[in-house]
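# Observations on the three-dimensional arrangement
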Amino acid sequence: MTGRRWQPGSCFLPSSVLTAGAGPLSFQALHQLYYDPDIENKNVAQKWLMQAQVSPQAWQFCWALLSPEKVPEIQYFGASALHTKISRYWGDIPAEQYDSLKTQLFAQIAHFASGSKMVLTRLCVALASLALNVMPDLWPGAVAEMVRAFQEEGVGADGRARCLALLELLTVLPEEFQTSRLPQARKGRVREALAAEWASVCPLLRQLLRQPESPGTVKARVLKCLSSWVLLDVPLSESEALVEDCFAVLTDPELFDAAVEAIVNAISHPDAQRHVSSLLKLVPQVLQRQDQLREAVQSGDMETSHGICRIAVALGENHSRVLLDQVENWHSFLALVNMIMFCTGIPGHYPVNETTSSLTLTFWYTLQDDIMSFDMEKQAAYLQVYRPVYFQLVDVLLHKAQFPTEEEYVSWSSDEKEQFRIYRVDISDTLMYVYEMLGAELLSSLYDKLGRVLTNAEQPTPWQHTEALLYGLQSIAETIDVSYSDVIPGLIGFIPRINVNNVQLADTVMFTIGALAEWLSDHPVMLSSVLPMVLQALGNPDLSVSSVSTLKKICRECKYDLIPYAANIVAVSQEVLMKQIHKSSQCMWLMQALGFLLSALPVEEILQNLHSLITPYIQQLEKLADETPNPSNKVAIIHILGLLSNLFTTLDISKKEEQSEEGVPPVKTSPSQLGPNPVVVVLQQVFALIHTILSKWLNDSQVVEAVCAIFEKSVKTLLSDFAPMVSQLSEMLGRMYSTVPQASALELTRLMVHIFASEPEHFPPIKTLFELVTSVTLSIFQQGPRDHPDIVDSFMQLQAQALKRKPDLFLSENLDVKAVYHCGLISLEFPESPTVKSTCLFYAELLPHCGDVPAVGQVVQEDGKLLLKAVLKAIGGQSPRSLMEQFAEVLFCLNKHCPTLLAMWLKEALQPPDFPSPHVSAEQKDNFAEQILREHVNKRRVKEIVKEFTLVCRGLHGTEYAAGY
């Protein structure tokens, strides 16, 4: 760092604007930052002060800003500037001045011990940063010296203030270490030195915590200090006595939260599991809190119950394997498990009456994993003890999953209802996991309980109980293969007997049927039991999501078994669609369901159903096409186009499998056997109408996207069956893009190139379309592409796809390959990462064709150096590090396909001293070039070389910041 160095006690005040120091300008800027109501003025002041803080002159003015007559905000800025200089510009300070700076900081901390708390904290952080820069070599025993310095009577503050200042300093020291920018090797040494200083800190903290006369503020700071130090890998065995002292203060409401935090931090540290004897001593300490926990639950003290639960879960979740291994102490660990079970089943509804039970769910996963990880013999012994516990857990979880009374539920806020929904999903996930331990016995247990509930006429059960049991069964059936379960037939039989008298129960019934759709496909005889319920629910807007998603699942899994019900399903669906019962997204799902269903019918019946299904929408679309464009008819047009898109997404007759004789595998029917594809028939009928709509809405990207989506989804579903429309669609796409270029048209063109460019009969229209959209996009680049990153991204993807699928497209005389190449160079400098990725992909596909496509070979020979420079500039720091793999790919391709040219270009490009970065030496650049030129085969190695070089270019090599990269 050049410029002024630090001078102890100096108050030199520069006169320039940036270095105005403690003069009027800096005070004015600080006043503006803190008190000016104008946000623009605040921003200007903040920017100026940030620059001042890192300027060389900050060493001088920061002391002046700390003078006693200044207001706390100005003093705070001075202390912050001091910390910034020490932590980031330590090299400014001559070694002979370290002691002087340390002494001044001690003096300032002693002064502010009785002053502003925020200034004191920043000064403590500054001294902590100094200590980290010089310990252990230049300041051995730093922490012990800090303790002694603040225990001396001569320090200018009363004893309590000195004590609090010392505790603040001891607290921020480990925190500053965690965020420091020390080199990795040095950081390890400093960590060891700090951990060794715990011997000076721990006795002091114990003494202050145990002294009856210690004020609450001091004890609270002690607890915070412990939380900070345990992050330094302080062995639990060396702090167990202090942690046990923390349990003693859990009875003090003022200290409770801080004590919980300290205990949880100490227990949760990964290193704690090495200290088994210390952990075993903590188990009784946790169990002794059970009375306090129960009293808190009974009195509705959610904070206390939450805190004690956190401690129990921290011990159980982090150390279940270690504690399970202590066989002689199995009773105490089982007692801890039961304590956590109590927390899981804590009375009240989450999140309104309690927020504690959700903390425990991960513990049950961890315990199960640890039990199942033992060898078979040991596992069997533990399962004997813990299987009953997990069956109890299922009962507890289903009780917690129950809805409140309808009156209570209505009073909940929307946020509370959403939290409860997420909580039930978490319970569902836990039940699914528990199934792995309890197996089919769990399904049988839930089924038996549901059976008793539904058949007990003498003692009616609240609907919440029925719903919870059904929810449990649904949770398992949704993710576990229940094909061979003997309870599912009975469950399907039970479902129609359920008295569905409210929305929540009806929703769960629907989702349960949906979860069993795959089972129903193997047992189609049972469809008649549940399908009427689903079709009836379709007419209820409150059951929109559950009924439509369930019908979609059934139509997808059972379509060949639904043929007898098809007319009814279509009729009911049409009715609810016409009545507009459902929201737009559910209407889309319903169309997908009908697409699956119709796929199973003969082509003639598909066409008949399509005619009745979509004719009303076509008529509506014709009417809308005649109207003057406005926001309301835009919404209607997009909705109808969306319905058609979703219908065509799943209407796939090519995947139809003919029913075959028993024992004979089903035969996949080829499209030629089926006659004209119904989707193509419909598309041809509505093509002119779509064209009319486009002509009026061509400037609206959302309508254009909706039109493109119809064809995109149809092409993806039909593949070669779409062939009759390739020429028509290519022509329309070309006109559309020529008039108003939009990314969605490029995306559809890319799909067409991918599927049809290799087909000789379709190559001419695809070639014409490709050349046209390329020409139009080149003109966009000439006008300035920066405002169209989506078009640039899609264009680069299209060019890459063309090179990959049909490089012959680049042989055309009508294609300006050189212009496309230069568009790529422009695109590489875009700030949007997806665009840069697509461009790198384009070059990775282009370079292999240097030999077989003359125009590509010529442009690479002439302008390959420009591409290399753009890549080097990106590696040098212009582009985010997350994109380095893509740039490495381009480098690899250059080396593989143009090795001689690359060697020459690298030599020339890396010649300038500061290119691609001022952080790299000539030797490092030469080494990089040699390494790259050596790798013609190993792409992974090139990525590693680029990754290493970009860190050097950014000045990050060898830093901890880069370690995670």
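Residues numbered from 1 in each chain as written. Predicted model: local features only at pLDDT ≥ 70, side-chain atom pairs only at ≥ 80, totals over all residues. Heavy atoms only, no water.

The chain carries the name Importin-13 in an unreviewed UniProt entry, which gives Scleropages formosus as its organism. Heading Sequence similarities (unreviewed entry) of the UniProt record for the chain holds this comment: "Belongs to the importin beta family." You can read under Subunit (unreviewed entry) in the UniProt record for the chain the words "Interacts with UBC9, RAN, RBM8A, eIF-1A and PAX6." (UniProt positions renumbered as here; feature names shortened; annotations may be inferred.)

## Structural notes on the overall build of the chain
Summing up its helical and strand segments, the chain has 46 helices and two strands in all. If one aligns the C-alpha atoms of the chain with their principal axes, the spans along those axes are about 100 × 90 × 60 Å. Considering only contacts within the chain whose residues lie at least 6 apart along the sequence, 74% involve residues at least 24 apart. Accessible surface computed for the chain: about 42,000 Å², of which carbon and sulfur atoms make up 52%. (Helix = DSSP H or I, 4+ residues; strand = E, 2+ residues; numbered from the N terminus. Contact = heavy atoms within 4.5 Å. Areas by Shrake-Rupley, 256 points an atom, 1.4 Å probe, with all protein chains shown as cover.)

## What to know about the packing of aromatic side chains
Under the defined criterion, the tally for this structure stands at 23 aromatic pairs. Ring geometry for Trp364 against Tyr390: centres 5.7 Å apart, planes inclined by 85°, an arrangement best described as edge-to-face. Of the two residues, Trp364 sits in helix H18 (residues 361-372) while Tyr390 sits in helix H19 (residues 376-400), which places them 26 residues apart along the sequence. For the pair formed by Trp364 and Tyr390, the shared burial category is buried. Residues Phe687 and Phe711 carry aromatic rings whose centres are separated by 5.8 Å and whose planes lie at 70° to one another, so their mutual orientation is edge-to-face. Of this pair, Phe687 sits in helix H33 (residues 678-697) while Phe711 sits in helix H34 (residues 701-718); the two residues are 24 residues apart in sequence, bridging distant segments of the chain. The exposure class of Phe711 is buried, given its relative accessible area of 0%. Three or more aromatic residues link up through ring pairs in this structure, and these residues are Tyr350, Phe403, Tyr409, Trp412, Phe420, Tyr423 and Trp463. (Phe/Tyr/Trp six-rings, centres within 6.5 Å; stacked < 30°, edge-to-face > 60°. Buried < 20%, exposed > 50% of the residue type's maximum accessible area, 1.4 Å probe, protein only.)

## Description of the environment of Gln783
With respect to the element layout, Gln783 can be found in helix H37 (residues 763-783). The spacing of Gln783 and Thr692 is 91 residues in sequence and 29 Å in space, taken between C-alpha atoms.

## Some remarks on the pattern of salt bridges
Pairing between side chains of opposite charge can happen when the charged atoms of each approach one another. For the structure shown, the criterion picks out 37 salt bridges. Residues Glu944 and Arg941 are paired through a salt bridge, measuring 3.3 Å at the closest nitrogen-oxygen approach. With Glu944 and Arg941 both in helix H45 (residues 939-953) and three residues apart, the pair spans about one turn of that helix. Glu944 sits in the partly exposed class, given a relative accessible area of 35%. The partly exposed category is assigned to Arg941, whose relative accessible area is 29%. A cluster of three or more residues bridged by salt bridges with shared partners is formed by Glu885, Glu889, Lys939 and Lys943. (Salt bridge = Lys/Arg side-chain N within 4 Å of Asp/Glu carboxyl O.)

## Digging into the nonpolar core
Trp229, Tyr386, Phe711, Phe722 and Phe810 are the most contacted members of the largest nonpolar core, which totals 341 residues. Among the elements that take part in this core, helix H6 (residues 117-134) stands out by supplying 12 residues, more than any other. Residues contacting Phe722, with those up to four places away along its chain left out, are Val680, Leu683, Phe711, Ser714, Val715, Leu729, Met752 and Phe756. (Core = buried A, V, L, I, M, F, W, Y, C linked by side-chain atoms within 4.5 Å.)

## Re the packing of H6 against helix H8 (residues 159-179)
Interhelical geometry of H6 versus H8 gives an angle of 55° and a closest axis separation of 8 Å. What the angle tells us is that H6 and H8 run oblique. Crossing geometry of H6 relative to H8 is assigned as right-handed. When H6 is examined against H8, the residues Lys117, Leu120, Thr121, Cys124, Val125, Leu127, Ala128, Ser129, Ala131 and Leu132 are found in contact with a partner set consisting of Ala165, Glu168, Leu169, Val172, Leu173, Glu176 and Phe177. Partitioning the contact of H6 with H8 into residue classes produces 12 nonpolar, two polar and three charged. (Axes fitted to C-alpha atoms, helices over the stretch in contact; angles between N-to-C directions. Parallel < 35°, antiparallel > 145°, perpendicular 65-115°, else oblique. Left-handed = near helix turned anticlockwise from the far one by under 90°. Nonpolar A, V, L, I, M, F, W, Y, C, P; charged D, E, K, R; others polar.)

## Details of the side chain of Ser305
One can find Ser305 in helix H16 (residues 302-325). Here Ser305 falls in the buried class, since its relative accessible area comes to 4%. Residue contacts for Ser305: discarding those within four places in its chain leaves Leu293, Ala296, Val297, Ile346 and Thr356.

## Overview of helix H25 (residues 503-515)
At 3.6 residues per turn, the α-helix brings residues three or four places apart onto the same side. Helix length check: H25 (13 residues) gives 18 Å between terminal C-alpha atoms against 18 Å at 1.5 Å per residue, within 8%. Counting buried positions along H25 yields 10 of 13 residues, so the element is predominantly enclosed. Regarding H25, its N-cap is Asn502, as a side-chain oxygen of that residue lies 3.0 Å from the backbone nitrogen of Gln504 further along. (Expected span 1.5 Å × (residues − 1). Polar contact = N/O pair within 3.5 Å; in protein donor to acceptor, adjacent residues only side chain to side chain.)

## Re the packing of helix H41 (residues 854-878) against helix H43 (residues 899-909)
Packing of H41 against H43 leaves a shortest axis separation of 10 Å and a crossing angle of 50°. Relative to H43, the element H41 is oriented oblique. Both H41 and H43 take part in a crossing whose hand is right-handed. Side by side, H41 and H43 meet where Val860, Gln861, Gly864, Lys865, Leu868, Lys869 and Leu872 of the first sit next to Leu901, Leu902, Trp905, Leu906, Glu908 and Ala909 of the second.

## Quick look at the state of the cysteines
Within this structure, the stated rule accounts for zero disulfides. Considering cysteine sulfurs only, Cys850 is the nearest to Cys898, which forms no disulfide, with 3.9 Å between them. Its relative accessible area of 6% is what places Cys898 among the buried residues. (Disulfide = S-S within 2.5 Å.)

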